[in-house]
Amino acid sequence: MYKSNAKTVVITGCSSGFGRQVSEQLARRGDRVFATMRGTEGKNAKIAAEMRQLAVAEKINLQVLELDVTSSVSVDAAAAIIINECGAPDVVINNAGQMYIGFTESFSADELSRQLDVNVVGVHRVNRAFLPAMRQQGRGLFINISSVAGRLSAPFFGVYHASKWALEGYSLALRGELASSGVDVVLVEPGPFTTELFSSSPQPQDIDGRVASYPLMARQTLDNLAQTFEAMLKDPTLPTDPGLVVDRIITLIEMSAGNRPFRSVVGLDFGVTKQNADAVPFDAAVLEAFGMTEFATLKPSEFQ
Ligand code: NAP
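Keep in mind it's a predicted model, so treat the numbers as computed, not measured.

Draft legend 1. Fine view of the pairing of strand E1 (residues 8-11). Going residue by residue along E1, you find Thr8 and Val10 tucked away on one face and Val9 and Ile11 tucked away on the opposite face as well. Direction of pairing for E1 relative to strand E2 (residues 32-37): parallel, over a ladder of 4 bridges. The residue bridging Val10 from the neighbouring strand is Phe34, located in E2. This β-α-β element, E1 to helix H1 (residues 17-28) to E2, shows right-handed connectivity. Pairing of E1 with strand E4 (residues 91-94) involves 3 bridges; the strand directions are parallel. Bridge pairing in E4 links Val9 to Val91.

Draft legend 2. Looking closely at helix H2 (residues 45-58). Along its 14 residues, H2 runs 20 Å from first to last C-alpha, staying within 8% of the 20 Å computed at 1.5 Å per residue. Looking only at H2, the buried set comprises Ala48, Met51, Leu54 and Ala55. The buried residues of H2 occupy an angular sector of 120 degrees when projected down its axis, which confines them to one face. Turned more than 90 degrees away from the buried face of H2, the exposed residues are Lys46, Gln53, Val56 and Ala57. Where H2 is buried, its residues touch H1, E2 and strand E3 (62-66).

Draft legend 3. How the structure looks around the side chain of Thr40. Its location among the elements puts Thr40 in the loop between E2 and H2. For Thr40, the side chain forms a polar contact with the side chain of Glu66, separated by 2.6 Å. Sequence-distant contacts of Thr40, defined by excluding residues within four places in its chain, comprise Ala45, Ala48, Val64, Leu65 and Glu66.

Draft legend 4. Structural detail: helix H3 (residues 72-86). The terminal C-alpha atoms of H3, which comprises 15 residues, lie 21 Å apart, in line with the 21 Å expected from a rise of 1.5 Å per residue. In this structure, the buried residues of H3 make contact with E1, E2, E3 and helix H4 (109-137). With its phi angle positive at about 75 degrees, Gly87 sits one or two positions after the end of H3.

Draft legend 5. Focus on the packing of H1 against helix H8 (residues 243-254). For the pair H1 and H8, the least separation of the axes is 9 Å and the interaxial angle reads 50 degrees. Considering the angle they form, H1 stands oblique to H8. The two elements H1 and H8 cross, and the hand of that crossing is right-handed. Contacts between H1 and H8 involve Phe18, Gln21, Val22, Gln25 and Leu26 on the former and, on the latter, Gly243, Val245, Val246, Asp247, Ile249, Ile250 and Ile253. Residues belonging to the contact of H1 with H8 are distributed by class as follows: 8 nonpolar, 3 polar and 1 charged.

How each quantity is defined
- Residues numbered from 1 in each chain as written.
- Predicted model: local features only at pLDDT ≥ 70, side-chain atom pairs only at ≥ 80, totals over all residues.
- Heavy atoms only, no water.
- Buried < 20%, exposed > 50% of the residue type's maximum accessible area, 1.4 Å probe, protein only.
- Helix = DSSP H or I, 4+ residues; strand = E, 2+ residues; numbered from the N terminus.
- Pairing = 2+ DSSP bridges.
- Right-handed = clockwise from strand over helix to strand, strands pointing away.
- Expected span 1.5 Å × (residues − 1).
- Arc of directions from axis to C-beta.
- Contact = heavy atoms within 4.5 Å.
- Polar contact = N/O pair within 3.5 Å; in protein donor to acceptor, adjacent residues only side chain to side chain.
- Axes fitted to C-alpha atoms, helices over the stretch in contact; angles between N-to-C directions.
- Parallel < 35°, antiparallel > 145°, perpendicular 65-115°, else oblique.
- Left-handed = near helix turned anticlockwise from the far one by under 90°.
- Nonpolar A, V, L, I, M, F, W, Y, C, P; charged D, E, K, R; others polar.

Structure follows, in structure tokens:
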């Protein structure tokens, strides 16, 4: 099934979670989807094969491509294939991510760098690969999957917070810089949802045994964190269905250029929706102070 106004959409991190769901859903509604993931011939070979079979069985335009966001070679190779085949994409969804959890002190500098490499530098690699073509096209949309963890902070998530807070600041600056080129940048900020993010969380190696000298109460709180989250995610009264994130992403794609909110919270929001609303006049005041008010308005070359 193809539709006349089909969009070309590139998504990172499609081997599980939001990435897999949104790529399949977009393809099912008729978009041309490049579902990228790392390890298509290795750790994710089975998932890649399943998605390719789905594309054939349902006659949908869902192409699985290798893309590891931590490798410029991998990102550039995927971007070259996509741009050669269809030109600049209409939408790029920076979804790939990991969540490191533990005592912040117990992560080595290398471990912190690896977290940032996936969640922040990875986004930059992808953006740099597609931006020249998208700017030249004069339109396009980047949807960066941040988190409520990019707006608030809690113990044991320091390394993850560092990455998502960085992504927030990075995305707002980029949004202003790209406005005059007609390319939009928005953030989706999910609360907690049931995906593989928690279960695949990289643990600190703690090679010099820092954790052992923390008070028992703090160590027990960390040990119980998985249970705390599990209980939250199993509560049927709370908005924890990952489909809500997929729906929000699709809504943002469908909105007309210039009308998309910069930040969209989905699910349990911990007060972030209000925080975001309160931030709007401050963000505008910063642009005004620097004589950059025109950077607040997207100038699309045509309807997106
Ligand atoms: P997920 O099921 O763990 O999916 C994360 C995806 O990112 C996986 O496909 C993973 O692939 C991929 N990935 C990790 N490192 C990668 C790399 N170097 N190159 C390419 N792909 C890589 O978790 P999710 O919840 O759907 O996460 C998607 C995004 O949502 C993340 O940015 C996350 O921070 C954000 N988020 C999630 C929640 C939540 O509660 N679930 C809340 C707020 C924000 P592999 O299978 O190969 O590791």
